[in-house]
Amino acid sequence: HPIDGRVYWSQYRSGQIYSYDIQTSEKRTVCSLPYTREACYIIWHPTGKYCYLMFVQHHCIYRSDYNEAEQTLDPPYRVVGVDSKWGYADGVGSSARVNGPEQGVFVYNPAYAGNEDEYDFYFCDEKNHAVRYLTPSGRVYTYAGRSDGGPEGYRNGDLRKEALFSHPMGITYDTKRQCFYIGDNSNNFIRRIGLEE
């Protein structure tokens, strides 16, 4: 957690999120997930006020708000996709479709300065072979990949007209250099995208 320093993780079999306090060695159950036996990535907002939960097999993204007083997570609710309905579509909430959402990263957007939430959320949409992003208002856009309607491949160039990926799974953002690094899994490359590109 970016504020309280606790370590949070999900357990595949039980469908629970746990926390661990490094100072006291206390382990706690802090949230029940909507699924058991499901891979789930937890990505914290930089403010620590909430996190996104990426459900790879159910093709959706949930949000859980942080209860600061109790140091727990509120029951998660879906913000992208429909449970177990994979597909590819930009849109808002249940009208958006993803296919195997993997890791993600929050990136500050100066256009939102002064708003309650100033970050976009970029994530790897693995089986759609694309990098997508989610705005604070809940709209999903395609950022890179699937150029010319092509599903996968390897090609550099214009992010929406030429670039192709194959099963991108990892993403991070370098704030100093203002660029993304993408783990392009099936192409066996780490790809770089500068914001100026």
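Preceding this section is the structure that the text describes.
So, here's what we can say about the structure. (Residues numbered from 1 in each chain as written. Predicted model: local features only at pLDDT ≥ 70, side-chain atom pairs only at ≥ 80, totals over all residues. Heavy atoms only, no water.)

### With respect to the sheet that holds strand 15 (residues 179-184)
On the basis of which strands lie adjacent, the open sheet formed by three strands has the order 14-15-16 and antiparallel pairing. Taken across any chain shown, the strands that pair with only one partner, and hence form the sheet edges, are strand 14 (168-174) and strand 16 (189-194). For this sheet, the mean inter-axis angle between neighbouring strands, taken without regard to orientation, is 20°. Inspection of the sheet shows strand 15 paired to strand 16 by six bridges, in the antiparallel sense. From the neighbouring strand, I182 faces strand 16, where its bridge partner is R191. (Pairing = 2+ DSSP bridges. Helix = DSSP H or I, 4+ residues; strand = E, 2+ residues; numbered from the N terminus. Axes fitted to C-alpha atoms, helices over the stretch in contact; angles between N-to-C directions.)

### Re the pattern of salt bridges
Per the counting criterion, the structure on display carries eight salt bridges. Its salt-bridge partner being E26, residue R6 comes within 3.4 Å of it at the nearest N-O pair. Pair noted here: R6 is in the segment before strand 1 (7-11) and E26 is in the loop between strand 2 (16-20) and strand 3 (27-32), with a separation of 20 residues, a long-range link. Overlapping salt bridges bring together R6, D21 and E26 as one network. (Salt bridge = Lys/Arg side-chain N within 4 Å of Asp/Glu carboxyl O.)

### Overview of a nonpolar patch on the surface
On the surface, V7, W9, Y20 and I22 cluster together into a nonpolar patch covering about 340 Å² of accessible area. Along the chain, the position of Y20 falls in strand 2. (Patch = residues over 30% accessible without salt bridge, like charges linked within 9 Å, V, L, I, M, F, W, Y side chains within 5 Å. Areas by Shrake-Rupley, 256 points an atom, 1.4 Å probe, with all protein chains shown as cover.)

### Some points on the environment of Y12
Within the secondary structure, Y12 sits in the loop between strand 1 and strand 2. Given the relative accessible area of 42%, Y12 is considered partly exposed. On a C-alpha basis, the gap between Y12 and D120 in space is 27 Å, while along the polypeptide they are 108 residues apart. Filtering out sequence-adjacent residues up to four positions away, Y12 remains in contact with T36, R37, E38, A39 and Q57. (Buried < 20%, exposed > 50% of the residue type's maximum accessible area, 1.4 Å probe, protein only. Contact = heavy atoms within 4.5 Å.)

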